[in-house]
Amino acid sequence: MSVLVNKKAPEFTAAAVMPDGSINESFSLADYRGKYVVLFFYPLDFTFVCPSELIAFDHRIKEFESRGVQVIGCSVDSQFTHAAWRNTPVDQGGIGPVAYPLVADLTKTIAADYDVLMNNTTIADEDGDQYHLLGGDVALRGSFLIDRDGVVQHQVVNNLPLGRNIDEMLRMIDALQFTEEHGEVCPANWEQGKDGMKPDAEGVASYLAAHADEL
């Protein structure tokens, strides 16, 4: 698994379904340079954990927007499958009209460039029996926080059964923006409104003297 943190996010241009339901055949990550981006990958439309994640992102879209962040979803499905999933009612396994773009990675090159592409054909149940879960190459649940210069500042990758924590991504955005604004670093369990730490020996000592028992 490649570590992309502190490296330029791989660029891509592909078809995508936009928030208004239209299809942009030349959607490009480069169009969002100068803005924070959360790019997340998920295995497939019309599957299991995935709709809960996409809906959770959508429910928090105003929180991302208030931080100046563009959310982008991506899977190896076509733009037409994305559109069909958006048009499927939530109580029937759909996601509804989510308010962020869904990129179609039919060639699987985007997932490969971000090193989240895997081959998953079978898994074992608790009795050791093998059964098909997803067929072919799909993306792991990778999430990437990209800064305004196009540099990856945070990445996390979950295996297929493990749904991600959307609030943790918001926390990481807050931490990045706090560091950019104040020049301080964010210690363990930092949240918006808490003290940062000056990045020197005196700053560490001062912070620990005040907060070590809370860690």
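Note that this is a predicted model, so its numbers are computed, not measured.

## A closer look at the overall build of the protein
So, step 1. On a plain count of helices and strands, the protein comes out with six helices and 11 strands.
So, step 2. Computed over its C-alpha atoms, the radius of gyration of the protein comes to 19 Å, within 12% of the 17 Å expected for a compact globule of 215 residues.
So, step 3. Seen through its C-alpha atoms, the protein measures out along the principal axes to roughly 55 × 45 × 35 Å.
So, step 4. A burial count over the protein gives 48% of its 215 residues as buried.
So, step 5. Restricting the contact set of the protein to residue pairs at least 6 apart, pairs at least 24 apart contribute 62%.
So, step 6. Per element, the accessible surface of the protein, about 10,800 Å² overall, is 50% carbon and sulfur.
So, step 7. The averaged location of the 33 negative side-chain charges in the protein is 5 Å from the averaged location of its 15 positive side-chain charges.

## A short note on the environment of Thr 109
So, step 1. Structurally, Thr 109 is set in helix α4 (residues 109-113).
So, step 2. Accessibility expressed as a relative area gives 41% for Thr 109, which makes it partly exposed.
So, step 3. The spacing of Thr 109 and Gly 96 is 13 residues in sequence and 27 Å in space, taken between C-alpha atoms.

## Describing the pattern of salt bridges
So, step 1. Applying the stated criterion to the full structure yields nine salt bridges.
So, step 2. Residues Asp 167 and Arg 60 are paired through a salt bridge, measuring 2.8 Å at the closest nitrogen-oxygen approach. One end of the pair, Asp 167, is in helix α5 (residues 166-182); the other, Arg 60, is in the loop between α1 (49-59) and α2 (61-66), with 107 residues separating them in the sequence.
So, step 3. Judged by its relative accessible area of 22%, Arg 60 falls in the partly exposed class.
So, step 4. Taken together, the shared-partner salt bridges in this structure form one network comprising Glu 53, Arg 141 and Arg 164.

## A look at α5
So, step 1. Look at α5: 25 Å from first C-alpha to last across 17 residues, which is about the 24 Å you get at 1.5 Å a residue.
So, step 2. Of the residues making up α5, those classed as buried are Ile 166, Met 169, Leu 170, Met 172, Ile 173, Asp 174, Ala 175, Leu 176, Gln 177 and Phe 178.
So, step 3. Along its buried surface, α5 packs onto β3 (36-41), α1, α2, β4 (69-75), β10 (141-146) and β11 (152-158).
So, step 4. In the stretch just after α5, Gly 183 is the one whose phi turns positive, near 70 degrees.

## Brief notes about the environment of Ser 75
So, step 1. Tracing the chain through its elements places Ser 75 in strand β4.
So, step 2. Beyond its immediate sequence surroundings of up to four residues, Ser 75 is in contact with Tyr 42, Pro 43, Asp 45, His 82, Val 103, Ala 104 and Asp 105.

## Section: the side chain of Ser 78
So, step 1. Mapped onto the elements of the fold, Ser 78 is located in the loop between β4 and α3 (79-86).
So, step 2. Leave out the neighbours within four places in its chain, and Ser 78 touches Ala 104 and Leu 106.

## Quick word on the nonpolar core
So, step 1. Among the nonpolar cores identified, the biggest contains 29 residues, and Leu 39, Phe 41, Val 103 and Tyr 114 are the most heavily contacted of them.
So, step 2. Elements that contribute at least two residues to this core include exactly β1 (13-17), β3, β4, α4, β9 (137-139) and β10.
So, step 3. Element by element, the count of residues in this core is highest for β3, at three residues.
So, step 4. Ala 56, Val 69, Val 98 and Leu 176 belong to the second largest nonpolar core, which has 25 residues in total.

## Quick notes on unusual backbone geometry
So, step 1. The phi dihedral of Phe 46 falls on the positive side, at around 60 degrees, and the residue is not glycine.
So, step 2. Looking at the secondary structure, you find Phe 46 in the loop between β3 and α1.
So, step 3. You will see that Lys 108, though not glycine, has its phi angle at about 65 degrees, which is positive.
So, step 4. Assignment of secondary structure puts Lys 108 in the loop between β5 (102-104) and α4.

Parameters and conventions
Along each chain, the written sequence defines residue order, and numbers are assigned to residues from 1. Where totals are concerned, whole chains, interfaces and linings use all residues; where local detail is concerned, this predicted model gives features only for residues with pLDDT of at least 70, and gives and counts side-chain atom pairs only at 80 or more. Values reported for side chains reflect all heavy atoms of the structure, with hydrogen atoms and water molecules removed beforehand. Numbering of helices and strands starts at the N terminus; helices are DSSP runs of H or I of at least 4 residues and strands are runs of E of at least 2. Using C-alpha atoms as the atom set, the radius of gyration is obtained and then compared with a globule rule of 2.2 Å times the number of residues to the power 0.38. When accessible area is computed with a 1.4 Å probe and restricted to protein chains, residues below 20% of their type maximum are described as buried, those above 50% as exposed, and intermediate ones as partly exposed. The criterion used for residue contact is that any of the two residues' heavy atoms lie within 4.5 Å. Computed by Shrake-Rupley with a 1.4 Å probe, the accessible areas treat only the displayed protein chains as cover when residues are assessed. Positive charge is attributed to Lys and Arg, negative charge to Asp and Glu, and no charge count is given to His or to the chain ends. Here the site of a charge means NZ on Lys, CZ on Arg, CG on Asp, or CD on Glu. Every case where a carboxyl oxygen of Asp or Glu lies within 4 Å of a side-chain nitrogen of Lys or Arg is listed as a salt bridge. By this rule, a helix spans an expected 1.5 Å times one less than how many residues it contains. By nonpolar core is meant a set of buried Ala, Val, Leu, Ile, Met, Phe, Trp, Tyr and Cys residues that side-chain atoms within 4.5 Å join together.

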